[in-house]
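Topology and contacts: notes
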Amino acid sequence: MKKQKKTFILDIEPKQLYSELKPFVAEKYKIDQIIQWIYQKKVLDFNNFTNISKELRGNLSSSFVLRTFTNIKKDESILDGTVRYTFRTYDNKYIYAVCLPNENKKTVCISTQVGCPVSCNFCLSGKMKFVRNLSRGEILEEILYIESDIRERISGVLFMGMGEPMLNYANLKSVIKTLISKKEMNIGKRHITVSSVGVIPGIKSLADEMFGVRFALSLHATDDKQRKKIIPNNFDAKISDLLDACKYYLKKTKSKVTIEYILLKDFNDTSSDAHRLARLMKAHNLINPDVQVNLIPYNETNSFDYKTPAQIAILTFKKILKVSGITVNIREPKGLDIGAACGQLGKVNL
């Protein structure tokens, strides 16, 4: 793999910068200023760190890089203003991120891996061969690049792009620390959601960290055989164990949990599926105001044979859950015309 000649400064946790920068600067307050330039002011060039000396700026420039991505494609939806970014990494790989505008706030959906090892057979990301994890700095760079591009502060982060976040757990944890730190990016923990297809040790570890971010389980089925058909690499996680992990997360963090459920026509969209999901949630004590089911009508692509259910099937599914006391929402697709909706974040023609 191609290596960078200089160290990517975003890969270094701010607390480690105090030792990393010792050869150049001894005063703690100067390093605090550097951290402020990087994470709060989000300046793109060391030479613009105007309250530190020219010599120190030169030392930083000769030893570190501030950005590594090249944005090679930017698509904006004419339907809802969603923007999809295609980034090229320093080693010539491609990743994707999405900016979701919503009135006075902006949320980003970001990737954690190049390609995806889970291979869900309804998702375009799953068709892309897994190459490597994104580094801490690369994950943060997705957010920082988009902020710089739109010239607005990002107020919410969804770890729902390409890849399985829990398989890049060390970098995920490091990024969350920076996102919620008031001295760094200062994004509210309730505005951060980590999604997982079900890596149970990762879910429990994230709960134990007590960050208080929200968690979303990509469930998509109501029995294990059905789930295995659409998520072949499901880490042998049983639905019962996944729901227990959600219960653990809810109890430990007191944060909200979402059950994500893709509705696939004539596969998992029947009344029987809805009743079975309601029974499962009741059995695991997940009928709770802090637990919501997001129903996601399938966003069709040319790569799979699945179809979007009829509207009556979608509404019936919702009604059954609602009558059972479950908080339920039908997620409207965003960026459908630019391949930015759920399940569409895969390779594009450049």
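This section reports on the structure supplied with the text. Numbers given for residues are sequential positions, taken from 1 along each chain in its written order. Local features in this predicted model are restricted to residues of pLDDT 70 or higher, and side-chain atom pairs are both shown and tallied only at a pLDDT of 80 or more, whereas totals for entire chains, interfaces and linings draw on every residue. Water and hydrogen atoms were dropped before computing side-chain values, which therefore reflect all heavy atoms in the structure.

1. Side note on the nonpolar core
- Put simply, buried Ala, Val, Leu, Ile, Met, Phe, Trp, Tyr and Cys residues joined by side-chain atoms within 4.5 Å make one nonpolar core. Partly exposed describes any residue whose relative accessible area lies between the buried limit of under 20% and the exposed limit of over 50%, with all areas from a 1.4 Å probe on protein chains only and scaled to the type maximum. Among the nonpolar cores identified, the biggest contains 98 residues, and F49, V157, F159 and L179 are the most heavily contacted of them.
- We call two residues in contact whenever any of their non-hydrogen atoms come within 4.5 Å of each other. Beyond its immediate chain neighbours, meaning those up to four positions away, L179 contacts L140, I143, V157, F159, M185, N186, I187 and I192.
- Grouped together as the second largest cluster of nonpolar side chains are 14 residues, F122, I231, I262 and F304 included.

2. As for unusual backbone geometry
- One non-glycine residue, K42, lies in the positive phi region at around 55 degrees.
- In this fold, K42 is placed in the loop between α2 (28-39) and α3 (54-63).
- Notably, D236 is not glycine yet its phi reads approximately 55 degrees, a positive angle.
- Here D236 shows up in the loop between α7 (224-230) and α8 (239-253). Numbered from the N terminus, helices here are DSSP runs of H or I no shorter than four residues, and strands are runs of E no shorter than two.

3. Here's the deal with the environment of L206
- Position of L206 among the secondary structure elements: in helix α6 (residues 200-209).
- Looking at L206, the relative accessible area reads 1%, which means it is buried.
- When sequence neighbours within four positions are dropped, the list of residues in contact with L206 reads M166, Y169, I176, V194, F211, V213 and Y249.

4. Remarks on the side chain of S195
- Structurally, the position occupied by S195 is in strand β10 (residues 192-196).
- Note on S195: relative accessible area 9%, which makes it buried.
- Once you skip the residues sitting within four places of it in the chain, S195 turns out to touch F159, M160, E164, P165, A216 and S218.

5. Comments concerning the packing of α6 against α8
- In contact at an axis separation of 9 Å, α6 and α8 are set at 5 degrees when each is read in the N-to-C sense. Classed by the angle they form, the pair α6 and α8 counts as roughly parallel. Seen from α6, the contacting residues are I200, I203, K204, L206, A207 and D208; seen from α8, they are D241, L242, A245, Y248, Y249, K252 and T253. Every angle, taken between N-to-C directions, lies between 0 and 180 degrees, and every axis is a line fitted to C-alpha atoms, over only the stretch in contact when it is a helix. Here roughly perpendicular refers to angles of 65 to 115 degrees, roughly parallel to angles under 35, roughly antiparallel to angles over 145, and oblique to all remaining angles.

6. Some words on the side chain of R57
- Relative to the elements of secondary structure, R57 occurs in helix α3.
- Charge assignment in this entry is limited to Lys and Arg as positive and Asp and Glu as negative, and neither His nor the chain termini are counted. Salt bridges are counted wherever a side-chain nitrogen of Lys or Arg sits within 4 Å of a carboxyl oxygen of Asp or Glu. The charged side chain of R57 is buried without a salt bridge, its nearest counter-charge being D45 at 8.1 Å.
- Between N or O atoms, a polar contact is any pair within 3.5 Å; within protein, one atom must be a potential hydrogen donor and the other a potential acceptor, and residues adjacent in sequence are included only when both atoms are from side chains. A polar contact of 3.1 Å, which involves the side chain of R57, links it to the backbone oxygen of N47.
- Residue contacts for R57: discarding those within four places in its chain leaves F46, N47, F49 and I52.

7. Examining the pattern of salt bridges
- On inspection of all chains with the given rule, the structure shows 15 salt bridges.
- Note that E13 and K15 form a salt bridge whose closest N and O atoms lie 3.9 Å from each other.
- Accessibility expressed as a relative area gives 13% for E13, which makes it buried.
- Ionic pairing is found between K73 and D75, a salt bridge with its closest N-O pair at 2.8 Å.
- Of the residues examined, K73 reaches a relative accessible area of 25% and is grouped as partly exposed.
- Residues joined in a network through salt bridges with shared partners are D91, R132 and E138.

8. A short note on the packing of aromatic side chains
- Centre distance within 6.5 Å is the pairing criterion for rings of Phe, Tyr and Trp, where only the six-membered ring of Trp is used; planes under 30 degrees apart are then read as stacked, over 60 as edge-to-face, and the remainder as tilted. Per the counting criterion, the structure on display carries 11 aromatic pairs.
- Plain terms: the ring middles of F69 and F87 are 5.1 Å apart, the flat faces sit at 20 degrees to each other, and that makes the pair stacked. Within this pair, whereas F69 is found in the loop between β2 (64-65) and β3 (70-76), its partner F87 is found in strand β4 (residues 83-88), the two being separated by 18 residues in sequence. F87 matches F69 in its accessibility class, with the two residues each being buried.
- Ring-pair connections join several aromatic residues into one group, and the members of that group are F69, Y85, F87 and Y145.
- A positively charged side chain is recorded as over a ring if its NZ (Lys) or CZ (Arg) lies within 6 Å of the ring centre. The angle to the ring normal must also be within 35 degrees. Above the ring of Y96, the side-chain terminus of R84 is found at 4.6 Å from the ring centroid.
- Its end group placed over the ring of Y248, K204 keeps NZ or CZ at 5.9 Å from the ring centre.

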